[in-house]
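Take a look at the letters that make up each chain.
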Amino acid sequence: MELTDAERRLLALHYVFPVPLNRLNRLYEIDPNLEKLYVYKAVELAHILNISVLKASQLKDSLHRNADTPYEALYKRNAITPIPFTNPLYPDQLHVLIDPPAILYAKGDHTLLAKQFKVAIIGARKATVYSQEAMSLIVPPLVENGAVIVSGLATGADTMAHVAALKFGGKTIAVLGHGLFHLYPKENQALADRIALKHLLITEYPPYVSPERWTFPMRNRIISGLSEVVVVTESADKSGTMSTVEHALDHGKDIYAVPGPITSLLSAGPNRLIDEGARPVWNGFQIVESLVFNG
């Protein structure tokens, strides 16, 4: 994949200032190709990027210190494909977000981003065997009809969703809340390696960025943004799962929820979603038929 000079400058900027695109809007209004990136004074950068002069000065220093870093070659050596927001490989669905990723860093089969039929399956980190049983009914019809299963590689329901996609012969995309030189949780290393081989790992963070509490909620908007449909298996009433649902609702995505026993705290989230208008789901054909009908 060939990058333009403007995209290479964005790679350099994003490496030292890894923020979503909305934080760079003013810079792009003033300098659409980032041609003056290395000549701005710290005071100018502070004003343009709405950061302190001290931070702008540190940013300017970092840019110049790393000016000769061959980012493309480094990423290629690590089998990472950077996809700037201006690149044809960048998914159209993410452009509608208020804060789209400025760059996606991909490892694996990036053609999966262009697949039309993507379904997010999410749920609690402490998901029970009930989620696994639900996925055995939901995932096979989806993958048989070409759906790509999207989730966040967290423990619990996310892991179950990726594993189900692999088990039933489908494709899966794992959206990470950190850079590709890290992995959280560590017990998913073998699964991540398998996904990177023939499926896809993506993140909006440069490879060195480590997992933080705030990076995972940010990841959720990408999971919902990429997907036509979001399926919730088990979830507490207030959780990261529900924040993903909120992003999906903001963008008019269809929400499906697995009904659960009222005695389970992890059914509180899905049951409330159904009460509020989400579609109850008990097999994947319901989703396939809905998408075919709407398509």
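Residues numbered from 1 in each chain as written. Predicted model: local features only at pLDDT ≥ 70, side-chain atom pairs only at ≥ 80, totals over all residues. Heavy atoms only, no water.

**Considerations on the overall build of the protein chain**
- Per the secondary structure count, the protein chain includes 12 helices and nine strands.
- Since a compact globule built from 295 residues should have a radius of gyration of about 19 Å, the 20 Å found for the protein chain is in line with a globular shape.
- Based on the C-alpha atoms only, the size of the protein chain along its principal axes is roughly 60 × 40 × 35 Å.
- Per-residue burial over the protein chain gives 53% buried out of 295 residues.
- Within the protein chain, contacts between residues at least 6 apart in sequence are counted, and of these 72% link residues at least 24 apart.
- Element-wise, carbon and sulfur atoms account for 55% of the exposed surface of the protein chain, whose accessible area totals about 13800 Å².
- Charge separation in the protein chain, taken as the distance between the mean sites of 28 positive and 29 negative side-chain charges, equals 5 Å. (Helix = DSSP H or I, 4+ residues; strand = E, 2+ residues; numbered from the N terminus. Rg over C-alpha atoms; globule rule 2.2 N^0.38 Å. Buried < 20%, exposed > 50% of the residue type's maximum accessible area, 1.4 Å probe, protein only. Contact = heavy atoms within 4.5 Å. Areas by Shrake-Rupley, 256 points an atom, 1.4 Å probe, with all protein chains shown as cover. Lys, Arg positive; Asp, Glu negative; His and termini not counted. Charge placed at Lys NZ, Arg CZ, Asp CG, Glu CD.)

**A short note on empty space enclosed by the protein**
- Within this structure, the stated rule accounts for one cavity of 30 Å³ or more.
- In this structure, the largest cavity occupies an estimated 30 Å³ of space. (1 Å grid on protein atoms, 1.4 Å probe; cavity = no way out; pocket = protein on both sides within 12 Å on 5 of 7 lines; lining within 4 Å. Points joined across faces, edges and corners; volume = space filled by probe spheres on them.)

**Looking at the packing of helix 3 (residues 42–49) against helix 4 (residues 53–65)**
- Axis separation between helix 3 and helix 4 bottoms out at 8 Å; the angle between their running directions is 110°. On the basis of the axis angle, helix 3 is roughly perpendicular to helix 4. The element helix 3 and its partner helix 4 pack so that their crossing is right-handed. For the pair helix 3 and helix 4, contact is made by Ala 42, Val 43, Leu 45, Ala 46 and Leu 49 and by Val 53, Ala 56, Ser 57, Leu 59 and Lys 60, respectively.
- Within the contact of helix 3 with helix 4, the residues separate by chemical class into eight nonpolar, one polar and one charged. (Axes fitted to C-alpha atoms, helices over the stretch in contact; angles between N-to-C directions. Parallel < 35°, antiparallel > 145°, perpendicular 65-115°, else oblique. Left-handed = near helix turned anticlockwise from the far one by under 90°. Nonpolar A, V, L, I, M, F, W, Y, C, P; charged D, E, K, R; others polar.)

**Notes on the pattern of salt bridges**
- Summed over all chains, the structure comprises seven salt bridges.
- We note a salt bridge from Arg 221 to Asp 99, for which the minimum N-O separation is 3.0 Å. Residue Arg 221 is located in helix 9 (residues 215–226), and its partner Asp 99 is located in the loop between strand 1 (81–84) and strand 2 (103–108); the two are separated by 122 residues in the primary sequence. Note on accessibility: Arg 221 and Asp 99 belong to one class, buried.
- For Glu 276, the salt bridge is made with Arg 272, and the minimal N-O distance between the two is 2.8 Å.
- Here the salt bridges share partners, and the residues they tie into one network are Glu 2, Asp 5, Arg 8 and Glu 72. (Salt bridge = Lys/Arg side-chain N within 4 Å of Asp/Glu carboxyl O.)

**A short note on the layout of surface pockets**
- A volume near 450 Å³ is recorded for the largest pocket.
- Broken down by element, the lining of the largest pocket gets its largest block of residues, five residues, from helix 9.
- Within the lining of the largest pocket, the residues separate by chemical class into 10 nonpolar, eight polar and five charged.
- Size it by volume and the second largest pocket reaches roughly 210 Å³.
- Only helix 5 (71–77) and strand 1 provide two or more residues apiece to the lining of the second largest pocket.
- Residue contributions to the lining of the second largest pocket peak at three residues, all from helix 5.
- Grouping the amino acids of the lining of the second largest pocket by side-chain chemistry returns five nonpolar, two polar and three charged.

**Re the nonpolar core**
- Judged by nonpolar contacts, the single largest core of 69 residues is most densely connected at Leu 24, Leu 49, Ile 173 and Ile 202.
- The dominant element in this core, judged by the number of residues it contributes, is helix 3, at five residues.
- With residues up to four places along the chain from it excluded, the contact list for Ile 202 reads Leu 104, Tyr 105, Ala 106, Leu 113, Ile 173, Ala 174, Val 175, Leu 176, Ile 222 and Leu 226.
- In terms of nonpolar packing, the next biggest core, distinct from the first, is built from 24 residues, Val 143, Ala 165, Val 229 and Tyr 256 among them. (Core = buried A, V, L, I, M, F, W, Y, C linked by side-chain atoms within 4.5 Å.)

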